[in-house]
Amino acid sequence: MMSAKLNLVVIGNGMAGARTIEEILARGGAEMFNIAVFGGEPFGNYNRILLSAVLDGSRQPSEILLNPLKWYEENGIRLHAGVYASRILRFAQGVIGADESEEPYDLLIIATGSRPYIPPLAGLNAADGAVKPGVFGFRTLDDCARMAEYAHGKKRAAVIGGGLLGLECANGLSSLGLEVDVVHRSTHLMNQQLDPAAGAILRSIVEKKGIRVHLGADTIEILGGDRVSGLKFKNGETLECELVVFATGIKPNSEIATQCGLTVQRAIVVNDHMRSEDDSRIYAVGECIQHRGQTYGLVAPVWEQAKVLADHITGADRDAAYHGSRTATRLKVIGVELTSMGLIEPGLDRDEVVQFTEPRRGTYKKLIIRDDRLVGSILLGDMSKAAYLLHAFDSNSALPAERTSLLFDIGGAPPKRVTLEQIPLDAQICNCQSVNKGTIIDCVNRGLRTYEAVSQATRAGLACGSCESMVREVVEWACGGQAADASGRTEEVPLPGSDAEHELQAKYGKSLQALAFYKRQVIDHLNSTMQAFIARQEMMFVGTADAGGHADASFRAGHPGFVKVIDERTLAYPEFHGNGVMSSMGNISDNPHVGLMFIDFTQDRIGLHVNGSARIVEHEEFARLMKDHRADGGDLWQDPILERILNSDPPILERWVMVTVDEAFIHCSKHIPMMRKVELEREWGTDDAKAKGGDYFGAASGRK
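Let's talk about the sheet that holds strand S6 (residues 85-89)
Neighbouring strands of a sheet are bound in pairs by backbone hydrogen bonds; such pairs are parallel or else antiparallel. Taking strand neighbours across the sheet as the criterion, the three strands line up as S6-S7-S8 in an open arrangement whose pairing is antiparallel. Single-partner strands in this sheet number two, and they are S6 and strand S8 (102-104). On average, each strand axis in the sheet is tilted by 20 degrees relative to the strand beside it, whichever way the strands run. Of the pairings in the sheet, the one linking S6 to strand S7 (residues 94-97) comprises four bridges and is antiparallel in character. Directly across from Leu89, in S7, lies its bridge partner Gly94.

Description of the sheet that holds strand S5 (residues 78-81)
The strand order S5-S2-S1-S9-S21 describes an open sheet built from five strands, whose pairing is parallel. Edge positions in the open sheet fall to S5 and strand S21 (282-284), since each of these has one partner strand only. Between one strand and the next, the sheet's axes are offset by a mean angle of 15 degrees, whatever the strand orientation. Of the pairings in the sheet, the one linking strand S1 (residues 6-11) to strand S2 (residues 33-39) comprises six bridges and is parallel in character. If you follow Val9 over to S2, its bridge partner there is Ala36. Helix H1 (residues 15-26) rests against S1, S2 and strand S9 (107-110) of the sheet, and its axis sits at about 170 degrees to S2. Packing against the sheet, helix H8 (residues 299-314) makes contact with S1, S2, S9 and S21, and its axis sits at approximately 160 degrees to S21.

What to know about the pairing of strand S24 (residues 336-342)
Burial analysis of S24 places six of its seven residues in the buried class, which makes it a mostly covered element. The antiparallel pairing of strand S23 (residues 328-333) with S24 creates a hairpin that spans two residues between the two strands, and Ile334 there sits at a positive phi of about 40 degrees.

Brief notes about helix H5 (residues 164-175)
If you check H5, its first and last C-alpha atoms are 17 Å apart, about what 12 residues at 1.5 Å a residue would give, namely 16 Å. For H5, the set of buried residues is Gly166, Leu167, Glu168, Cys169, Ala170, Asn171, Gly172 and Leu173. Note on H5: the residue one or two positions beyond its end, Gly177, has a positive phi of about 95 degrees.

Considering the confidence of the model for the chain
Residues of the chain with pLDDT of at least 70 account for 79%, and the chain-wide mean is 81. Taken as a whole, residues 481-493 scores under 50 in pLDDT and shows 27 contacts with residues more than four places along the chain or in a different chain.

Section: the pairing of strand S16 (residues 230-233)
Here strand S15 (residues 219-223) pairs with S16 via four bridges, running antiparallel. The residue bridging Thr219 from the neighbouring strand is Phe233, located in S16. Where S15 folds back on S16, the antiparallel hairpin that results is connected by six residues, among which Gly224 adopts a positive phi of roughly 115 degrees. With three bridges joining them, S16 and strand S17 (residues 238-240) adopt antiparallel strand pairing. Bridge assignment links Lys232 to a residue of S17, and that residue is Thr238. Linking S16 back to S17 in an antiparallel pair, the connection comprises four residues, with Gly236 at a positive phi of about 95 degrees.

Considering the packing of aromatic side chains
Under the counting rule described, the total for this entry stands at four aromatic pairs. Measuring from ring centre to ring centre gives 4.9 Å for Trp71 and Tyr72, while their planes differ by 90 degrees; the resulting arrangement is edge-to-face. Look at Trp71 and you get buried, because its relative accessible area is 16%. Under the relative-accessibility criterion, Tyr72 is labelled buried at 1%.

Topic: helix H11 (residues 437-445)
Turning to H11, its buried residues are Lys437, Gly438, Ile440, Ile441, Cys443 and Val444. With a side-chain oxygen lying 3.2 Å from the backbone nitrogen of Gly438, the N-terminal cap of H11 falls on Asn436. Directly beyond the C-terminal end of H11, a positive phi value near 105 degrees is found at Gly447.

Structural notes on the packing of H1 against H8
Between H1 and H8, the least distance of the axes is 8 Å, while the angle of their chain directions is 40 degrees. Classified by the interaxial angle, the pair formed by H1 and H8 is oblique. For H1 against H8, the interelement crossing comes out right-handed. Where H1 approaches H8, its residues Met15, Ala16, Arg19, Thr20, Glu23 and Ile24 are matched on the opposing element by Val299, Val302, Trp303, Ala306, Lys307, Leu309, Ala310, Ile313 and Thr314. For the contact of H1 with H8, the residue count by class is 10 nonpolar, two polar and three charged.

So, the nonpolar core
In terms of nonpolar packing, the biggest core is built from 74 residues, with Leu108, Ile109, Ile110 and Ile313 touching the most fellow members. In terms of residue count, H8 provides more of this core than any other element does, seven residues in total. Residues contacting Ile110, with those up to four places away along its chain left out, are Ile11, Ile88, Ala257, Leu262, Ile268, Ile282, Tyr283, Ala284, Val285 and Cys288. One finds Leu141, Leu189, Val206 and Val336 within the second-largest nonpolar core, a separate group that totals 44 residues.

Details of the pattern of salt bridges
Scanning the model with the defined rule gives 29 salt bridges in all. With a shortest N-O distance of 3.8 Å, Glu100 and Arg87 are connected by a salt bridge. In this pair, Glu100 sits in the loop between S7 and S8 while Arg87 sits in strand S6, placing the two residues 13 residues apart along the sequence. Glu100 sits in the exposed class, given a relative accessible area of 58%. According to the relative accessible area criterion, Arg87 is partly exposed, its value standing at 40%.

Focus: the packing of H11 against helix H13 (residues 468-478)
Close contact between H11 and H13 brings their axes to 9 Å; oriented N to C, the two are set at 50 degrees. On the basis of the axis angle, H11 is oblique to H13. In this structure, H11 crosses over H13, and the sense of that crossing is right-handed. Side by side, H11 and H13 meet where Lys437, Ile440, Ile441 and Val444 of the first sit next to Val471, Val474, Val475, Trp477 and Ala478 of the second.

What counts as what
Residues numbered from 1 in each chain as written. Predicted model: local features only at pLDDT ≥ 70, side-chain atom pairs only at ≥ 80, totals over all residues. Heavy atoms only, no water. Pairing = 2+ DSSP bridges. Helix = DSSP H or I, 4+ residues; strand = E, 2+ residues; numbered from the N terminus. Axes fitted to C-alpha atoms, helices over the stretch in contact; angles between N-to-C directions. Contact = heavy atoms within 4.5 Å. Buried < 20%, exposed > 50% of the residue type's maximum accessible area, 1.4 Å probe, protein only. Expected span 1.5 Å × (residues − 1). pLDDT = per-residue confidence, 0-100. Phe/Tyr/Trp six-rings, centres within 6.5 Å; stacked < 30°, edge-to-face > 60°. Polar contact = N/O pair within 3.5 Å; in protein donor to acceptor, adjacent residues only side chain to side chain. Parallel < 35°, antiparallel > 145°, perpendicular 65-115°, else oblique. Left-handed = near helix turned anticlockwise from the far one by under 90°. Nonpolar A, V, L, I, M, F, W, Y, C, P; charged D, E, K, R; others polar. Core = buried A, V, L, I, M, F, W, Y, C linked by side-chain atoms within 4.5 Å. Salt bridge = Lys/Arg side-chain N within 4 Å of Asp/Glu carboxyl O.

In structure tokens:
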């Protein structure tokens, strides 16, 4: 006869509470417990890391849900949605909700999280004692909705706090059309994660987005009578604003524990089993807890705590213990990738510092090495070595003597593919969801052979988004040949392209990226962004091959627009005397397959590769074909430079080459090694690429 289930109550339906429930269910908890949850917000569990995306409108609230209401129903969980727990009755073993609902418990988990800390400044409250209209925290979906509504008709906003949350909030408010000022007490931004040099580079990036930064500014008063009108600083200066957001840290929600007599210092005190020392039936997890004197505001430590609690409460591992977390963060700040771990400044005389900075490109790399072990690192902008360094930091493993190879793939250092093979299976790829390399390989071996399928199964890459590119690379690498063996190695798959291309890709460690682009980025037509890009270019490379397969590549140059975009499947370009015409024409006659590579050399060296079939057309025939065809919204011949070419004596235009497009894709750094990586590569396969990726393709530059 089966024993009756125990009643398990969870106070808090945020990321910590819901993740702990998931871990319990994964260990057979549904057979052990009747689970009830009190959640103060009227919906399921959502990803607070992506609140800034909701604020700026790039995501809808439904898109950041982790566990919708249906999930609770499907798992037999009673969710008191929108009901705060108001009291814990320890001796009666029950929890009372704000609506007077009651849940009995045999075991209780407190996961009440934290709330924004708003310092008690002068002018914070209106005459009626309520917080003055225009003052906000930034913690919930409701905060986003209220902020966006209040911002209507307003011109200026201020964000107090230059940490991650403050900068993300500032970026979101800027997207709403407000002029935004970031006010920070420290002498550089994100001073908990960055040193002054990295902070200065980040400031330049922020200010390029039109957000003003005020450092060393100590706010002492909120100005305005019945609503916010500005800020006053300690030095007497003032700043006009109609809306102010506090991103000045968090305060643990521990009051309910205090009221029932549990030990609370800065937060609820727990032992290594995540259990209260005062009551063996009560556990706590997340930002509301204090463990060995430490509190944590990052996601990764909370996930570690959730696993230990689940192991202990289900009996899966009664010896499981949480010993604290080494702080390492990998995240995105207003679109810029950042990794910070351990020390940000050397602490001992023997500490070795390896450092590289390129402010113009927004790149900063710094390592702090002690006794051949990594004890601290800052990476800003370039994350190519982040996974390796994070593993070296977490495992406390010895570092190679060639320090430069820790930051760059140069000087004989192995290319990225080799680096991926060398990373152990237990190396963490996604910090937010605690997903390691081995877990991703296991997913691939089970048949989940796309990033989307792996992320759906593990949630890797779906939190802050900073590890998405790395997760994609590991998935692509694991899918690159036969199923991975126990070591996680796979065999290479031949890449499309020429041997010369392959040599370049291997030399610069871009083979994996090339395979990923070939697999994902090819579309069978030219979308509107591609067409506009081609029309702006003054040069291209033409690759052909004769009937025997002998390759020929030639260079074409002309005025902007010399390549005519007829429609999404047709291009045409003129052939002039002395412009490589004879060789390529002969090849096209033998073999119609042609490859065109368009490169924007003047900007970020971003380009486009078009494969298709070509045919040679005499000028008179081409003129007849185009007689009734409109290009670029007007007559094809309304081109003064082309008119001069056509009327030249003797004529220099011989023939036209018309290309029927078979496929098109961005060629990025697999063709030009110095080209910086494009973050928005996926948009090349959609017609909204121009709106999302204009800066990459010159659309925002005003160039003709």
